[in-house]
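A closer look at the structure
What follows is the residue order along each chain.
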Amino acid sequence: QVHLVESGGGLVQPGGSLRLSCAASGNIIMIDTMGWYRQAPGKQRELAARITGGGATTYADSIEGRFTISRDNPKNTVYLQINSLVPEDTGLYYCYARMLVRNQPGRDYWGQGTQVTVSS
């Protein structure tokens, strides 16, 4: 059994900051890429940021330098620092991890999502 547990979402005023966390646990042999997708109300889920096991990062063009993704490999945890929040950042933020799990073929695993709401 593998779990991805997100935390750190909430209600924030425009211009504020949040730090999302996602911890993976279970019979994990190896974690490759970890990342965050987000889904705004009425829109499709889109990639926000991802980071490889070696630390290479990719960000969506719309992020405009306001997001920073990082990971703590010994803790199997990925973080997303979000600064200068705008209402358009509102949505569900989903963590994912491409993992090799004991007795399972390697694949992507997903968290349940954490809500980020940017409003005054």
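About the criteria used
- Residues numbered from 1 in each chain as written.
- Predicted model: local features only at pLDDT ≥ 70, side-chain atom pairs only at ≥ 80, totals over all residues.
- Heavy atoms only, no water.
- Helix = DSSP H or I, 4+ residues; strand = E, 2+ residues; numbered from the N terminus.
- Buried < 20%, exposed > 50% of the residue type's maximum accessible area, 1.4 Å probe, protein only.
- Contact = heavy atoms within 4.5 Å.
- Areas by Shrake-Rupley, 256 points an atom, 1.4 Å probe, with all protein chains shown as cover.
- Pairing = 2+ DSSP bridges.
- Axes fitted to C-alpha atoms, helices over the stretch in contact; angles between N-to-C directions.
- Disulfide = S-S within 2.5 Å.

Our next topic: the overall build of the chain. Secondary structure assignment for the chain yields zero helices and eleven strands. In sequence order, the chain lays out its α and β elements as β-β-β-β-β-β-β-β-β-β-β. Considered along the principal axes of its C-alpha atoms, the chain spans approximately 45 × 25 × 25 Å. Among the 120 residues that make up the chain, the fraction classed as buried is 40%. Pairs at least 24 residues apart make up 56% of the contacts formed inside the chain by residues separated by at least 6 positions. For the chain, the exposed surface amounts to about 6,500 Å²; the carbon and sulfur share of it is 45%.

Below, the discussion takes up the sheet that holds strand β1 (residues 2–7). Adjacent strands of a sheet form backbone hydrogen bonds with each other and so pair up, either parallel or antiparallel. Strand order in the open sheet formed by four strands is β1-β3-β8-β7, and the pairing between neighbours is antiparallel. With one partner strand each, in any of the chains shown, β1 and β7 (67–72) form the two edges of the open sheet. Sheet twist, expressed as the mean angle between neighbouring strand axes with direction ignored, is 15 degrees. Taken together, the six bridges between β1 and strand β3 (residues 18–26) define a ladder with antiparallel strand orientation. Bridge pairing in β3 places V2 opposite G26.

Moving on, we come to unusual backbone geometry. Among all residues except glycine, the phi angle is most often negative; among peptide bonds, the trans geometry is most common. You will see that N76, though not glycine, has its phi angle at about 50 degrees, which is positive. Along the polypeptide, N76 turns up in the loop between β7 and β8 (77–82). A residue is classified by how much of its surface remains accessible, and N76, at 24% relative accessible area, is partly exposed. If you check the backbone angles, N103 has positive phi at about 65 degrees while not being a glycine.

Topologically, D72 is positioned in strand β7. In this structure D72 touches T77 and Y79, once residues within four positions along its chain are discounted.

Summed over the entire model, instances satisfying the criterion amount to one disulfide. A disulfide bridge connects C22 with C95, and the sulfur atoms are separated by 2.0 Å. Residues C22 and C95 are joined by a disulfide whose S-S torsion is about -75 degrees; by sign, that bridge is left-handed. Here the residue C22 occupies a position in strand β3, and C95 occupies one in strand β9 (residues 91–101), the gap between them amounting to 73 residues. Across the pair, exposure class does not vary: C22 and C95 are buried alike.

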